[in-house]
Amino acid sequence: MNAQPQRIEHQLTDKGYVPVYTTAVIEQPWSNYTPIDHDVWAQLFERQQKILVGRASQAFLDAQRAMRMSAHEIPKFDELNRTLRAATGWELVGVQGLLPELDFFDHLANRRFPVTWWIRKPDQMDYLSEPDLFHDLFGHVPLLMNPVFADYMQAYGRGGVKAHGIGPEALANLTRLYWYTAEFGLIRDPDGLRIYGSGILSSKGESIHCLESDAPNRIGFDLERIMRTRYRIDTYQKTYFVIDSFEQLFEATQPDFRPIYARLALQDSIPAGDVLDTDLVYHRGSGEGWLADGDV
Ligand code: HBI
Ligand code: FE
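The structure reproduced in this document is the subject of the present report.

What counts as what
Residues numbered from 1 in each chain as written. Chains lettered and ligands numbered in written order. Predicted model: local features only at pLDDT ≥ 70, side-chain atom pairs only at ≥ 80, totals over all residues. Heavy atoms only, no water. Salt bridge = Lys/Arg side-chain N within 4 Å of Asp/Glu carboxyl O. Helix = DSSP H or I, 4+ residues; strand = E, 2+ residues; numbered from the N terminus. Pairing = 2+ DSSP bridges. Axes fitted to C-alpha atoms, helices over the stretch in contact; angles between N-to-C directions. Contact = heavy atoms within 4.5 Å. Parallel < 35°, antiparallel > 145°, perpendicular 65-115°, else oblique. Left-handed = near helix turned anticlockwise from the far one by under 90°. Nonpolar A, V, L, I, M, F, W, Y, C, P; charged D, E, K, R; others polar. Buried < 20%, exposed > 50% of the residue type's maximum accessible area, 1.4 Å probe, protein only. Phe/Tyr/Trp six-rings, centres within 6.5 Å; stacked < 30°, edge-to-face > 60°.

**Things to note about the pattern of salt bridges**
Part 1 of the reasoning: Counted under the stated rule, the structure contains 13 salt bridges.
Part 2 of the reasoning: In this structure, Glu212 engages Arg55 in a salt bridge whose closest nitrogen and oxygen atoms are separated by 2.8 Å. Residue Glu212 is located in helix 9 (residues 204-212), and its partner Arg55 is located in the loop between helix 1 (35-52) and helix 2 (58-67); the two are separated by 157 residues in the primary sequence.

If you want it as structure tokens, here you go:
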């Protein structure tokens, strides 16, 4: 296993101009991790664990406990796979990094989650432009233990394979759905808005910003609204969408999307920071929580 991931080319993707890697599935080179790699994992894990108390969704916390990951060392994919396969039939596969969309969708459609094998360097603790092992393993993998979210992710992958066959606009619309749910989604938990999106869960600053800052909008989940909404990849999100449950998310993927793509093709996209008068907007409640219009 060479020390650095091979880069085949840089491509302009929805994550910006980033290296898109070889699509090969590779064995996790666990014995190649250095003490520094394990220490970066430990520091990120412990820091996020502290921040996520009272901020991460209960489903995420329950799933993380069931996965039995620890700060002690970088988890072994094959050990996690035994637990994950038994729970929802999902498994992790090691990859070099960002995959071309169709490869990514095909993995999800077959209940395989691609996890980048390498972890960021100590000087990249707070931000790096592409998903590394911490983003994927700490952020994305635990919720695949949740049967309904696991079904959603497979349905998303199947939808992605179809969208890829329809064309680039359909793909762009569907990528926004992934961005505002699996990456940056919020959910209504019994005791308030909580985080389930991996891009937030794996980020110290955004875990705090998304629930405590007055800057971003928090808008109730609406599939077509989300699929029209643009986003930035290099700043905190200007808008977070809030689901009531993972069932709501899964149900939204059940209809045929072709008529939706046809409707969206006739409408303009929406700037990331805009609020429409048809939006269900969450306002800061009396306590530190957020309430939707009509909440008591
Ligand atoms: N590849 N490995 C990897 N991980 C991702 O999260 C990922 C990807 N390729 C494309 C992609 N995400 C997004 O464009 C999805 O919205 C499709
Ligand atoms: Fe991600």
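After presenting the structure, the write-up continues.
**With respect to the sheet that holds strand 7 (residues 217-220)**
Sheet strands line up and pair through hydrogen bonds in the backbone, either parallel or antiparallel.
Part 1 of the reasoning: The strand order 6-5-8-7 describes an open sheet built from 4 strands, whose pairing is mixed. Two strands lie at the open edges of the sheet, namely strand 6 (192-195) and strand 7, each paired on one side alone. On average, adjacent strands in this sheet sit at an angle of 40° to one another, irrespective of strand direction.
Part 2 of the reasoning: Summarising the sheet, strand 5 (residues 186-189) and strand 8 (residues 239-243) pair through 2 bridges and their orientation is parallel. Pairing of Leu186 across the sheet is with Val242, part of strand 8.
Part 3 of the reasoning: Against the sheet, helix 9 contacts strand 5, strand 6, strand 7 and strand 8, and its axis sits at roughly 155° relative to strand 6.

**Some words on the packing of helix 4 (residues 101-109) against helix 7 (residues 168-183)**
Part 1 of the reasoning: One can describe the packing of helix 4 onto helix 7 by two numbers: an axis separation of 13 Å at closest approach and a directional angle of 55°. The angle between helix 4 and helix 7 places the two elements in the oblique class. Where helix 4 crosses over helix 7, the two elements pack in a sense that is left-handed. Of the residues in helix 7, those in contact with Glu101, Phe104, Phe105 and Leu108 of helix 4 are Leu171, Thr175 and Tyr178.
Part 2 of the reasoning: Considering only residue class, the contact of helix 4 with helix 7 consists of 5 nonpolar, 1 polar and 1 charged.

**A closer look at unusual backbone geometry**
Part 1 of the reasoning: In this structure, Arg68 is a non-glycine residue whose phi angle is positive, near 55°.
Part 2 of the reasoning: On the secondary structure map, Arg68 appears in the loop between helix 2 and helix 3 (77-88).
Part 3 of the reasoning: Although it is not a glycine, Arg111 sits at a positive phi angle of roughly 55°.
Part 4 of the reasoning: By relative accessible area, which is 16% here, Arg111 ends up buried.

**Brief notes about the side chain of Thr229**
Part 1 of the reasoning: The residue Thr229 is located in the loop between helix 10 (223-228) and strand 8 in this model.
Part 2 of the reasoning: Not counting chain neighbours up to four residues away, the residues in contact with Thr229 comprise Arg176, Tyr180, Phe241, Ile270, Pro271 and Ala272.

**Things to note about the packing of aromatic side chains**
Part 1 of the reasoning: The final tally for this structure, using the stated rule, is 20 aromatic pairs.
Part 2 of the reasoning: Ring geometry for Tyr152 and Tyr156: centres 6.5 Å apart, planes at 50°, overall tilted. Taken together, the residues span about one helical turn, with Tyr152 and Tyr156 both in helix 6 (residues 147-166) at a distance of 4 residues. Of the two residues examined, Tyr152 and Tyr156, each falls in the buried class.
Part 3 of the reasoning: An aromatic cluster is present here, built from Phe104, Phe105, Phe113, Phe149, Tyr152, Tyr156, Tyr178, Tyr196 and Phe246 joined pairwise through their rings.

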